[in-house]
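# Remarks on the overall topology
For reference, the chains in residue letters:
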Amino acid sequence: MDKKSLEAAATSIRCLSMDAIQKANSGHPGLPMGTAELGALLYGEFMKHDPAAPAWLDRDRFVLSAGHGSMLLYSVLHLAGYEVSMADIESFRQIGSRCAGHPEYGVTPGVETTTGPLGQGMATAVGMAIAESMLAARFNTQKHTVVDHFTWVLAGDGCMQEGISAEAASLAGHLGLGKLIVFYDDNAITIDGDTSLSFSEDVGARFAAYGWHVSKGDMYDADGVRRMVASAKAETGKPSLIMLKSVIGKGAPTMQGSHKVHGAPLGAEEIARAKTAMGVPADAMFHVEEAARTFFAARKKELAAERTAWESTWAAWRAEE
């Protein structure tokens, strides 16, 4: 994913998230704006998936454990070419919309699991990684590999504070789930304020003690993130935690880095200032950069070809005696 496409995708995610939440007068803009680049890299570069076949057996799975940041997922699914229309995004949090307040499995194509209570997604993802490992051991043969995918997670401070994520992470480390990769959106902010109010543990040290491969970096250093992902994929005997320092609400001129952007609309004036700073007309509603559309349209064709190649392997596996 070239720099221009990445920047265009991140700008589009921020604009869609700000406007959808503002129109609904409800939602959480902080996470989508703070992790826009990561969302673009996941669906534009890191993950094996096909928007035309969201139920493809050997697709990578993505779990947004921090489900309150749902507009990140809806925005990138729309850009990637899943059946999430602009009308769906414009009706965010409204009855009947595919874009519910928190992602809901079975409602939105591309949503792998319902994530509401923090930490729940972490535990579900561990289960998915266990399933991948068991399926691979049972069904892959010397001639054909039909199960070989990763489970990706985006978690925040709230997820790390929950007991369920600790238990699940301990099990993942014990089982050595090397195809589980968790991104930690380390922005040091909760809805009440700075995390220092209630949370001061060394998360990296805790996960290392569980037997995880832990790396740390900057959310906005794309090449650094790429290196950490490559290292995580190469570590086949341990699950990986990639801790990324980020700015909640990045792009909101007077509110970024504050708990004020966590769980409430930015307001029309702040959104206008944010768009102007990004080079987008202040009155452009639900704006998507053309470079982002062009990139993902081409990427969709590449992903479809990868899935088609897998289907040939699948057919040969089914015919294998």
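Before reading further, recall that the structure is shown in the block above.
Below or above, wherever it landed, is the structure these notes cover. Not measured: the values here are computed from a predicted model.

For helix 6 (residues 120-139), spanning 20 residues, the distance from its first C-alpha to its last is 28 Å, which sits close to the expected 28 Å at 1.5 Å a residue. Next to the buried residues of helix 6 lie strand 1 (61-64), strand 2 (151-155), helix 7 (157-161), helix 8 (163-175), strand 3 (180-186) and helix 9 (203-210).

On to the state of the cysteines, then. Scanning the entire structure with this criterion turns up zero disulfides. With no disulfide of its own, Cys99 has Cys15 as its nearest cysteine by sulfur position, at a separation of 16 Å. You can call Cys99 buried: its relative accessible area is 0%.

Helix length check: helix 12 (residues 290-319) (30 residues) gives 44 Å between terminal C-alpha atoms against 44 Å at 1.5 Å per residue, within 8%. Those residues of helix 12 that are buried are in contact with helix 1 (3-24), helix 3 (36-46), helix 4 (70-80) and helix 6.

Before going further, it helps to spend a moment on the side chain of Ser5. Locating Ser5 in the fold gives a position in helix 1. Classification of Ser5 as buried rests on a relative accessible area of 7%. There is a polar contact of 2.8 Å between the side chain of Ser5 and the side chain of Asp2. Sequence-distant contacts of Ser5, defined by excluding residues within four places in its chain, comprise Ala291 and Phe295.

Quick notes on the rules
Residues numbered from 1 in each chain as written. Predicted model: local features only at pLDDT ≥ 70, side-chain atom pairs only at ≥ 80, totals over all residues. Heavy atoms only, no water. Helix = DSSP H or I, 4+ residues; strand = E, 2+ residues; numbered from the N terminus. Expected span 1.5 Å × (residues − 1). Contact = heavy atoms within 4.5 Å. Disulfide = S-S within 2.5 Å. Buried < 20%, exposed > 50% of the residue type's maximum accessible area, 1.4 Å probe, protein only. Polar contact = N/O pair within 3.5 Å; in protein donor to acceptor, adjacent residues only side chain to side chain.

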